Amino acid sequence: MSVSKPPRPAARFGLDPAEAARRLAEHGPNLLPSSAPKTLWAIIGGVLLEPMFLMLLVAGGLYLALGDRAEAAFLLSFVFVVIGITLAQERKTQRALESLRELSAPRALVIRGGEEVRIPGREVVVGDLLVLHEGDRIAADALLLDGHLDVDESLLTGEAVPVTKLPGEDAGQLFASTVATKGVGVAEVRAIAGATAVGRIGQALADAVEPVSGLQQASRRLIRNLTVGGLLLATAYALLGWLWDGHGLLESVLAGIALTMAILPEEIPVILTVFLALGAWRISKHKVLTRRVPAVEALGAISVLAVDKTGTLTQNRMQVAELRLVDDSCHDEEAAELPEPFHELVEFAMLATPADPFDPMEKAIQRFGLHWLTDTGHVHAEWSPEFEYALSPEILAMTRVFRGDARDAHLLATKGAPEAVIDLCHLEAADAAAILRQVEAMAERGLRVLGVARGEWQGETWPRSQHDFDFRFLGLVGFVDPPRPEVPAAIAECRGAGVRIVMMTGDHPATARAIARQAGLSERAEVITGAEMALLDDAALRERLRRVDLCARLKPEQKLRLVQLLREDGEVVAMTGDGVNDAPALKAADVGVAMGERGTDVAREAAALVLLDDSFASIVGAIRQGRRIYDNITKATRFVFAVHMPIIALALVPTLLHWPVLLMPVHIVLLELLIDPACSVVFEAEPAGGDIMRRPPRAPSESPFAAANLRHAVAQGLGIAAILLLGYSALLGHGLDAAQSRGAVFIALVLGLFLLTLANRDLSRPALARLPAKNPWLVRMFGGVALMLAAVLGVPFLRGVMGLAMPGATALLVGAGMLVAAIVWLELLRRTARGSPRQTAMP
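Owing to the predicted nature of the structure, the values given are computational and were not obtained by experimental measurement.

The rules behind these values
Residues numbered from 1 in each chain as written. Predicted model: local features only at pLDDT ≥ 70, side-chain atom pairs only at ≥ 80, totals over all residues. Heavy atoms only, no water. Phe/Tyr/Trp six-rings, centres within 6.5 Å; stacked < 30°, edge-to-face > 60°. Helix = DSSP H or I, 4+ residues; strand = E, 2+ residues; numbered from the N terminus. Lys NZ or Arg CZ within 6 Å of the ring centre and 35° of its normal. Contact = heavy atoms within 4.5 Å. Salt bridge = Lys/Arg side-chain N within 4 Å of Asp/Glu carboxyl O. Buried < 20%, exposed > 50% of the residue type's maximum accessible area, 1.4 Å probe, protein only.

Trainee: Could you clarify how one ought to interpret the packing of aromatic side chains in this entry?
Mentor: For any two aromatic rings, the description comes down to two numbers: the centre-to-centre distance and the angle of the planes. Under the criterion given, the structure shown has ten aromatic pairs. Here phenylalanine 387 and tryptophan 462 contribute two aromatic rings whose centre-to-centre distance is 4.6 Å and whose plane-to-plane angle is 65 degrees, an arrangement assigned as edge-to-face. Of this pair, phenylalanine 387 sits in strand E13 (residues 387-389) while tryptophan 462 sits in the loop between strand E16 (448-458) and strand E17 (471-480); the two residues are 75 residues apart in sequence, bridging distant segments of the chain. Consider the rings of tryptophan 457 and tryptophan 462, whose centres lie 5.3 Å apart with planes at 25 degrees: the pair is stacked. Here the aromatic residues Phe387, Tyr389, Trp457, Trp462, Phe469 and Phe471 are joined through ring pairs into a cluster of three or more. Across from the ring centre of tyrosine 630, 3.8 Å away, lies the NZ or CZ of arginine 698, which sits over that ring. The positively charged end of arginine 780 is found above the aromatic ring belonging to tryptophan 777, 4.4 Å away from the centroid.

Trainee: Help me out: how do you make sense of the environment of alanine 413 in this one?
Mentor: Secondary-structure assignment places alanine 413 in strand E15 (residues 409-416). Sequence separation of alanine 413 and glutamate 388 is 25 residues, and the distance between their C-alpha atoms is 9.8 Å. If we skip the residues at most four places from it in the chain, alanine 413 touches Phe348, Leu351, Ala352, Met398, Thr399, Arg400, Phe402 and Ala453.

Trainee: Honestly, the pattern of salt bridges in this entry has me stumped. Any pointers?
Mentor: Side chains bearing opposite charge may pair, as long as their charged atoms lie close to each other. Going through the model one piece at a time under the given rule, you end up with 34 salt bridges. Across the pair aspartate 128 and arginine 112 runs a salt bridge, and its minimum N-O distance is 2.7 Å. In this pair, aspartate 128 is assigned in the loop between strand E3 (115-120) and strand E4 (129-132) and arginine 112 in strand E2 (residues 107-112), connecting sequence segments 16 residues apart. For arginine 546, the salt bridge goes to aspartate 569, with nearest N and O atoms at 2.6 Å. With arginine 546 in the loop between helix H19 (538-545) and strand E20 (550-552) and aspartate 569 in the loop between helix H20 (556-568) and strand E21 (573-577), this residue pair connects regions lying 23 residues apart in the sequence. Looking at arginine 546, the relative accessible area reads 41%, which means it is partly exposed. By relative accessible area, which is 28% here, aspartate 569 ends up partly exposed. Taken together, the shared-partner salt bridges connect Glu19, Arg22, Arg23 and Glu26 into one network.

Here it is as structure tokens:
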């Protein structure tokens with residue numbers, strides 16, 4: 001139980017919009033100190049420390065030492081190309097993250113020109129009137145003018161206990177970035193941005209450090225191991241060439257550098273950074289804001305979607321649909337007038353509701369009452385309650401106490417869950433049972449039901465509990481909130497994708513069952529209530545949850561328990577929430593989803609995703625996008641490992657077999673300039689597969705770096721490497737010189753790279769089966785490949801630097817044979833992989 005003094009609303013005009021705009025232009029935005037985006041020099045500094053860049057510099061220096069100035073100039077010129085590509089990728093990622101940050105900025109409800117408007121927190125100016133409700137993060141330092149608030153100031157003071165705020169200079173000081181945990185109030189802004197208390201102590205709250213995702217951690221481990229292994233192998237290779245083959249030291253070091261450059265899959269960090277950031281940006285286009293980018297990674301693995309009913313499955317457009325008195329007389333929404341016997345029920349429902357409510361049901365009560373009772377003497381807008389008994393987990397009802405006509409006399413107005421109001425009225429068992437039968441009948445029609453009671457009390461000292469009053473039960477108010485029209489199709493899509501929907505609601509079990517039936521949520525009619533859950537231990541409840549999809553009459557702490565038990569049972573859980581009390585469960589879920597339109601700031605900040613339109617269909621769209629992003633990361637990873645195999649083999653094997661050198665650092669760098677865009681652009685833009693929502697969620701333990709995925713990639717690459725080496729051997733065996741043979745193999749290798757791009761887009765179809773493709777970047781990539789080959793072979797200077805010669809007819813014929821063999825190999829491998837149960841599920 002909590003007793004609180006409610007706000008006394010007063011008509012306020014607030015700032016004129018034009019004056020607010022002038023102040024914003026004069027004083028600047030309301031932004032706290034935050035970390036600035038990476039500067040140009042910081043990005044360049046990062047590039048200079050990358051292993052690939054350092055090897056480029058060393059290789060260029062060695063070419064100079066060997067007297068090969070053209071090769072050195074060509075190689076060192078790529079330094080600027082690498083910096084340019086890195087800058088482009090960094091800027092693309094930065095723009096995506098900045099767009100997300102702009103969307104996720106705090107909002108504020110202000111009064112301007114006499115109207116309440118919701119604006120970005122950055123647009124709040126000194127003199128604005130903030131309208132504050134439970135769960136709001138306060139946008140600026142302000143002074144409370146009306147109302148009563150409890151505020152969590154732990155951010156500033158470290159004290160976890162909320163501080164009570166009352167109007168006035170001493171007790172009404174509010175501080176930016178603190179959270180209203182209870183109450184309603186109006187406050188005038190006194191300071192913004194760096195002039196606030198939190199700004200003065202230098203807190204950089206607007207920009208949190210992004211946590212590292214699981215995929216990023218796994219990739220770093222893999223790259224670290226490959227780097228160590230590659231360096232050891234390259235060192236051994238260089239020493240072998242120097243000591244065994246009698247090559248010069250500088251040539252041997254150069255060969256070792258070429259091998260290291262071939263081994264290092266430095267594209268993997270680029271893939272993860274770019275794909276996750278751009279994926280989050282793409283998801284925002286579907287009305288879902290990603291507050292934490294690593295959450296994108298978990299979307300594709302979601303197996304249980306725990307959703308609140310109101311506003312997510314339904315339209316959150318509450319309206320009073322039915323009134324029912326104790327004698328079972330009924331008034332529905334189609335009636336032309338409101339008979340006198342119903343006036344008292346509506347009057348006390350209004351008295352039990354704040355004049356300026358936040359809750360949709362309370363707004364519906366006020367609208368209904370003002371429509372039917374204005375000018376009847378039953379509307380008391382001028383009355384101000386003396387005290388309030390707020391809704392609590394122990395008593396799901398609230399009571400407002402008004403001063404009566406006589407001395408020490410008070411009038412009580414109560415509304416809440418019907419069973420709680422019945423209990424407060426101390427009814428006989430038969431009368432209570434009759435009312436509960438009415439409640440059940442209304443709930444089965446999909447109505448949300450509240451009970452209403454009135455009471456009188458005399459005395460000076462307020463009782464500790466509402467139970468100490470005497471109430472008279474007046475009747476029931478039924479509200480309708482129809483399901484969103486897009487929900488049934490979205491639920492069917494989820495079920496087809498193997499995602500189970502669990503409804504978690506505070507409503508009556510029959511209401512939950514009716515809405516579930518209308519939305520097609522579950523074929524299982526069984527419902528578990530919060531009261532039943534309280535009687536079960538974790539093991540029994542976990543077992544029960546395997547059979548139940550509808551949870552009703554839940555308290556917020558019970559939602560947390562359900563999320564924890566589902567996760568312990570091996571499920572990947574996404575949960576929706578909107579209130580302050582939902583924040584622990586949102587944090588505990590694998591993917592917390594807050595409501596953007598009706599959710600509190602606290603819920604939004606606890607969640608990983610925010611639904612900008614509060615629609616269930618948007619969550620399903622985000623899951624679809626999450627699966628697409630994960631699939632594309634898997635495809636790009638497979639491509640990277642596949643394409644590095646022939647590069648490694650072509651750099652290593654010819655020297656071991658005492659053939660002429662096939663790949664030099666200049667060739668490898670040029671190939672990297674093709675591989676990077678293929679990863680970060682072509683695969684990122686790959687559209688979703690047709691079966692993406694017709695397959696079960698991936699296991700949480702699955703990874704793009706799993707052995708099955710990499711094994712397939714290595715097999716692809718080694719097969720192509722063997723074909724190219726056999727072709728090189730055949731060309732040399734036919735007496736062609738090294739430059740011409742190298743030219744033919746290089747053409748086949750570059751076109752083979754494009755073939756690998758096509759092959760890894762979809763393992764369920766042949767490499768050339770999806771042409772023309774829906775991905776526009778493929779055509780551009782092929783154009784880039786053709787242009788590069790034309791430049792390398794057609795420009796004498798470039799041809800000489802790269803040690804190539806224009807292939808003759810024989811060489812071109814062998815090159816065409818290599819490509820045909822590569823296509824056949826990739827198709828044989830694909831068919832073999834499809835026969836393997838483990839590989840069949842790979843995108």
